[in-house]
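Below are the chains, spelled out letter by letter.
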Amino acid sequence: MSRLDETRAILRDLIAFPTVSADPNVEITVYLADRLSALGAHVELVTDRTGHKASLFARLGPEVAGGLLLSGHTDVVPVTDQAWSSDPFTLREEDGLLYGRGTCDMKGFVAACLAHAGSVDPDDLETPLYFAFTYDEEVGCLGARQLVDHLKGRALLPRLAVIGEPTEMRVIEGHKGCCEYTTVFSGLEGHGSAPDLGVNAIEFATRYAAKLLELREELKARAPTSCPFDPPWTTINLGRLSGGTVHNIIANHAELDWEMRPVQVEDEAYVKATLTSFAETELLPAMRAIHPGATIETTVIGEVAGLEPDKGNRTRDILLELTGANRAETVPFGTEAGLFQSLGMETVVCGPGSIEQAHKADEFISLSQLQACLDLLDRLVPRATRSA
Ligand SMILES: [Zn+2]
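Now for a description of the structure that goes with this document. (Residues numbered from 1 in each chain as written. Predicted model: local features only at pLDDT ≥ 70, side-chain atom pairs only at ≥ 80, totals over all residues. Heavy atoms only, no water.)

Tallied over the entire structure, the rule returns six aromatic pairs. Centroid distance Phe-185 to Tyr-208: 5.3 Å. Interplanar angle 75°. Geometry classified as edge-to-face. Of the two residues, Phe-185 is situated in strand 9 (residues 178-186) and Tyr-208 in helix 5 (residues 201-221); the sequence distance between them amounts to 23 residues. Its end group placed over the ring of Tyr-99, Arg-92 keeps NZ or CZ at 4.4 Å from the ring centre. The ring of Tyr-270 is capped by Arg-222, whose NZ or CZ atom sits 4.2 Å from the centre of that ring. (Phe/Tyr/Trp six-rings, centres within 6.5 Å; stacked < 30°, edge-to-face > 60°. Helix = DSSP H or I, 4+ residues; strand = E, 2+ residues; numbered from the N terminus. Lys NZ or Arg CZ within 6 Å of the ring centre and 35° of its normal.)

Distances from the zinc ion to its protein donors, His-73 (NE2), Asp-105 (OD), Glu-165 (OE) and Glu-165 (OE), fall at 1.8 to 2.6 Å. For the zinc ion, the four donor atoms are set out with angles of 53 to 140° between them, so the coordination reads as irregular. One chain supplies every donor for the zinc ion, spaced along it as H-x31-D-x59-E. Of this pair, Asp-105 sits in helix 3 (residues 103-117) while Glu-165 sits in the loop between strand 7 (160-163) and strand 8 (172-175), placing them 60 residues apart in sequence. A relative accessible area of 4% means that Asp-105 is categorised as buried. (Donors = N, O, S within 2.8 Å, 3.2 Å for Na, K, Ca; no water. Tetrahedral: all angles 85-135°; square planar, octahedral: opposite > 155°, others 65-115°. Buried < 20%, exposed > 50% of the residue type's maximum accessible area, 1.4 Å probe, protein only.)

Turning our eyes to something else, we now look at the pairing of strand 3 (residues 68-73). Across the six residues of strand 3, six count as buried, placing the element largely inside the fold. Relative to strand 6 (residues 129-134), strand 3 runs parallel, the two sharing six bridges. Paired with Ser-71 across the bridge in strand 6 is Ala-132. Judged from the four bridges that link them, strand 3 and strand 7 form a sheet pairing that is parallel. Its bridge partner being in strand 7, Ser-71 is matched across the sheet by Ile-163. (Pairing = 2+ DSSP bridges.)

Counted at 1.5 Å a residue, the expected span for helix 2 (residues 26-38) with its 13 residues is 18 Å, and the 18 Å between its end C-alpha atoms agrees. Every buried residue belonging to helix 2 is among Ile-28, Thr-29, Tyr-31, Leu-32, Ala-33 and Leu-36, and all of these are buried. Directly beyond the C-terminal end of helix 2, a positive phi value near 95° is found at Gly-40. (Expected span 1.5 Å × (residues − 1).)

Hydrogen bonding along the main chain pairs the strands of a sheet, whether they run parallel or antiparallel. Reading across the sheet, the four strands line up as 10-11-9-12 and stay open at both edges, with antiparallel pairing between neighbours. The sheet is open, and its two borders are formed by strand 10 (235-243) and strand 12 (295-304), each paired with just one other strand. Each adjacent strand pair in this sheet contributes to an overall mean axis angle of 15°, direction not counted. Note that strand 9 and strand 11 (residues 253-261) share eight bridges and pair antiparallel. Bridging from a neighbouring strand, Tyr-181 pairs with Trp-258 of strand 11. (Axes fitted to C-alpha atoms, helices over the stretch in contact; angles between N-to-C directions.)

In terms of nonpolar packing, the biggest core is built from 56 residues, with Leu-32, Leu-36, Leu-68, Leu-70, Leu-129 and Phe-131 touching the most fellow members. In terms of residue count, the dominant contributor to this core is helix 3 (10 residues). If sequence neighbours within four positions are ignored, Leu-32 has contacts with Leu-14, Leu-56, Thr-74, Val-110, Leu-114 and Phe-133. Counting 26 residues, the second-largest nonpolar core is a separate cluster that includes Cys-179, Val-199, Ala-201 and Ile-236. (Core = buried A, V, L, I, M, F, W, Y, C linked by side-chain atoms within 4.5 Å. Contact = heavy atoms within 4.5 Å.)

Position of Ile-249 relative to the elements: it lies in the loop between strand 10 and strand 11. Considering only alpha carbons, one finds Ile-249 and Gly-198, 51 residues apart in sequence, at a separation of 9.5 Å. Those residues in contact with Ile-249, other than ones at most four positions away along the chain, are Glu-189, Gly-190 and Gly-192.

Overall, the coordinates contain 24 salt bridges when judged by the stated rule. Residue Arg-101 pairs with Glu-363 through a salt bridge whose shortest N-O separation is 2.6 Å. Here Glu-363 lies in the loop between strand 14 (346-349) and strand 15 (364-366) and Arg-101 lies in the loop between strand 5 (97-99) and helix 3, a separation of 262 residues in the sequence. One network of salt bridges, with partners in common, ties together Asp-5, Arg-8 and Glu-93. (Salt bridge = Lys/Arg side-chain N within 4 Å of Asp/Glu carboxyl O.)

This is the structure in structure tokens:
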């Protein structure tokens, strides 16, 4: 069987596991673990508290420092309310395209990794080839976050990492982070004719929103020099503001949904610290002078770490050389790459298929993209697992 045929057969199996993020993914992870174990890999499963979700971390080759990590997520987005031409969890092939939920995002890459692993003789590897397959990427990178915590502090970690999200095999060295929050303001109701006797939650929510807009301007000046993102600074957006009941009642409740897309972790920390101090030293004292029970509470909806472009990124340099691309690019979507980068791995995003097809009805990946991925792995793995 050709490597491509094998990839297709594995992908058929992977698509048949309906691993929508809301549902368990243990079965697909056990399937992947069994296949990798059969190839001689050392496999670890990292399960969440419920035991229904698992990530896999596997090592092929010697137990030494360095090596290359290939990573992908096993969960997929829902198919509810999407008009599919055929069963999304049965792989369908037509005109060189493979249809099914998760084909491009990102089980196609996972299948290519497994097919490639089958061709590797572990004894030929000078440094290890690692695989990480995670759960719940689509709902905030929960599996990767847990895996990274699990791996933190280990002496032997991969030095290089490729996250195979669909980039049509373009080499991506950076993306912004994406942090989403809801801030809730609780005040004190009262008659509209006596504003000083109540605590108007809308008033404090708008002052908080104004602070966010002030920060938004300030962040432009904090942009790192020659930052490749568009725009090249951390952005803040106010997404939804609601509160109150009617004209003549002092609003005792307001909610603000907002997001920040940091280009550097320092900005994220700066925004959080500024807001905390603003709330604690200005807003809350004013609110509590009238009503001691007044609160401002922020809930994290999701925090996806950014992938910060780095001068010394050997994974990028090798991939640029192998693909012949002139330069690495950035993308406007978030991935797990920043989490692996936080462990010190030199990380890029590069994988088969197009983000254009991700999350849509009739999601597909082309056989030619899978072939391109297999060809690149064939050349990348020997290079990246050579001891430096
Ligand atoms: Zn994805």
